[in-house]
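An overview of the molecular structure
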Protein chains: 2
Amino acid sequence: MSSGTTARKPVRRRRAQRGSGEQLRPEIVKAAKDLLAASANADAVSIRAVAEAVGVTPPSIYLHFEDKNQLLSAVVVDVFAELDAAMLTAGEGVEAPLGRLRAFGLAYVKFAVSHPEHYRLATMDPCPKPVDEVDEVLRSSSFVHFMQTVVDCMDAGIFAAGDPLPVTFQLWAAAHGIASLVIAKPYLPWGDIEAFADRGLCAAALGQATGDLLGGKPTLDVVAAWLAEQKGAAS
Amino acid sequence: MSSGTTARKPVRRRRAQRGSGEQLRPEIVKAAKDLLAASANADAVSIRAVAEAVGVTPPSIYLHFEDKNQLLSAVVVDVFAELDAAMLTAGEGVEAPLGRLRAFGLAYVKFAVSHPEHYRLATMDPCPKPVDEVDEVLRSSSFVHFMQTVVDCMDAGIFAAGDPLPVTFQLWAAAHGIASLVIAKPYLPWGDIEAFADRGLCAAALGQATGDLLGGKPTLDVVAAWLAEQKGAAS
DNA sequence: CCGCTAACTTATCGCTGCTAACTTATCGCC
DNA sequence: GGCGATAAGTTAGCAGCGATAAGTTAGCGG
């Protein structure tokens, strides 16, 4: 009877058409992603929970993913695509390279704060992935777009010309530091998070540019002297 | 027979003295910490594994810790103490405030890279902790020492005088960004990690100081103009 | 209508965190 | 020495986890 008190699965999927077994896969990924977003702690995303959300029994998951890590990796790919879209939207129509860099960074942090569990999974969890993850990261859309903007900044004379990769890493680390710290310790008095992020990102870019001005790798004395000089000139 | 193939526990602790049940607690923490350091993935630290390492049965753990999270929290406290010690050692004898700041930051990143699983547990895992964790973080030794050095930098005129907390947060985020990203994506071509950290930390400090010079919260135009001006003056 | 097989299920294993209930060693005390 | 009291630690077991082996069912070609 339909109103039974047993915990029988309420909704059972119809079996897929003969050739279209693959249609279940994206549904599984979406269910896992939604489950991750809905529950604060990541280990609430169990194979069993995902299976029930999709309306299928747990072993069916393994017809589409080798193990749980592969499923989560698929979720991560999805998350990165979403992040890239958010960044592109934020940078749309911003002509100045430095402005676009800022827009990207702010969008990055904003995305992380809005989807903390997704961001945590994508960037903080020890996710054993396939071999060529180097390429997967370095060629991901968001990273490529970000680095291209760094190149634009170099062309505009904002950063010293050279290999954009280290600078991109530095700015990425700055954005990630803000995002991950705010996510990991949300109870600390950060104040307005967007303002905090803006200040940190601006400082990072400014610091990189200024470091270039001082000759790439300035000694502490040079930095201190320069700061004193600037301070004197400003007053 | 003593050489049987059964998985019988090889070492069984002697029962503790009557009043000294508490002596097991630090041993449990140490075992958990060592286990975490030895195994790459954090969930290899199971109650059963810890119990066996100490030479005790699993339920005995619960005589000293309410649950697994409490045990891990105790490990985190230990880790933070170790981090603070490392930072203090690194800053010892460095008189210049900016130099001490740099020494602290480098020691911070170095510690994180040397003890990735410890650092991950302490700063990246969603650790449900007791109520007043705000105080626990803000009054932890390492944070206090770090912020004091920021104050020293303000007194020395390196940073604009004011509330040291936001600046400390910013610099912490910079250090954490570098540390956590290097830990999370160790396969990326960071180059020499200490150099990368030095550059990022220097840039962060420089960026904060320069941001102050430009009036606290400069607009993009001001920043771009200032950079162009500096560039012109330098050439 | 039949057999093949893709798609999915049932049943189960070994593991986990955790708990209830039991045992044992050590203590002060007589 | 013997004796309860109780701290310290055990055995046995629960529910839930990821994962697998083996069975079942539905749809399609012939």
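Just so it is clear, the structure is predicted and the values come from calculations on it, not from any experiment.

Here's the deal with the interface of chain A and chain B
Contacts between the two partners involve 50 residues from chain A, matched on the other side by 50 residues from chain B. At the level of secondary structure, the elements contributing two or more residues to the side of chain A that touches chain B comprise α5 (97-114), α7 (133-138), α9 (164-184), α10 (193-213) and α11 (220-234) of chain A. Looking at the side of chain A that touches chain B residue by residue, the classes come out as 29 nonpolar, 15 polar and six charged.

Considering the relation of the copies chain A and chain B
At an RMSD of 0.0 Å, chain A and chain B line up after a rotation of 180° and a shift of 0.0 Å along the axis. Put plainly, the chains are arranged around a two-fold axis. Relative to the rotation axis, the closest C-alpha in chain A is found at Gly 177 of chain A, a distance of 1.6 Å. A share of 100% of interface residues in chain A that are also interface residues in chain B marks the association as one of identical surfaces.

What about helix α6 (residues 116-123) of chain B?
With eight of its eight residues buried, α6 of chain B lies for the most part within the structure. In the core, the buried residues of α6 of chain B are packed alongside α9 of chain A together with α1 (24-38), α4 (68-91), α5 (97-114) and α9 (164-184) of chain B.

Notes on the packing of α4 of chain B against α6 of chain B
Residues and elements named next belong to chain B. With their axes 9 Å apart at the nearest point, α4 and α6 run at an angle of 115° to one another. In terms of orientation, α4 and α6 fall into the roughly perpendicular class. Crossing of α4 against α6: the hand is left-handed. Contacts between α4 and α6 involve Leu 72, Val 75, Val 76, Val 79 and Phe 80 from the first element and His 118, Leu 121 and Ala 122 from the second. Residue composition of the contact of α4 with α6, by class: seven nonpolar, one polar and no charged.

Topic: the environment of Leu 188 of chain A
Relative to the helices and strands, Leu 188 of chain A resides in the loop between α9 and α10. Residues Leu 188 of chain A and Met 147 of chain A, 41 residues apart in the sequence, show an inter-C-alpha distance of 31 Å.

Quick word on the environment of Ala 122 of chain A
For Ala 122 of chain A, the location among the structural elements is in helix α6 (residues 116-123). Not counting chain neighbours up to four residues away, the residues in contact with Ala 122 of chain A comprise Val 76, Val 79 and Phe 80 of chain A.

With respect to the environment of Met 147 of chain A
Assignment of secondary structure puts Met 147 of chain A in helix α8 (residues 141-155). Ignoring sequence-local partners within four residues, the contact set of Met 147 of chain A consists of Pro 164, Leu 165 and Thr 168 of chain A.

Focus on the packing of α6 of chain B against α9 of chain B
All names here are of chain B. Their axes nearest at 10 Å, the elements α6 and α9 cross at an angle of 125°. It follows from the interaxial angle that α6 and α9 lie oblique. Once α6 is placed against α9, the crossing between them reads as left-handed. Counting all contacts with α6, which are made through Pro 116, Tyr 119, Arg 120 and Thr 123, the residues of α9 involved are His 176, Ala 179, Ser 180 and Ile 183. Considering only residue class, the contact of α6 with α9 consists of four nonpolar, three polar and one charged.

What counts as what
Residues numbered from 1 in each chain as written. Chains lettered and ligands numbered in written order. Predicted model: local features only at pLDDT ≥ 70, side-chain atom pairs only at ≥ 80, totals over all residues. Contact = placed C-beta atoms within 7 Å. Helix = DSSP H or I, 4+ residues; strand = E, 2+ residues; numbered from the N terminus. Nonpolar A, V, L, I, M, F, W, Y, C, P; charged D, E, K, R; others polar. Least-squares fit on C-alpha atoms with pLDDT ≥ 70 in both. Buried ≥ 20, exposed ≤ 12 C-beta atoms within 10 Å, placed from the backbone. Axes fitted to C-alpha atoms, helices over the stretch in contact; angles between N-to-C directions. Parallel < 35°, antiparallel > 145°, perpendicular 65-115°, else oblique. Left-handed = near helix turned anticlockwise from the far one by under 90°.

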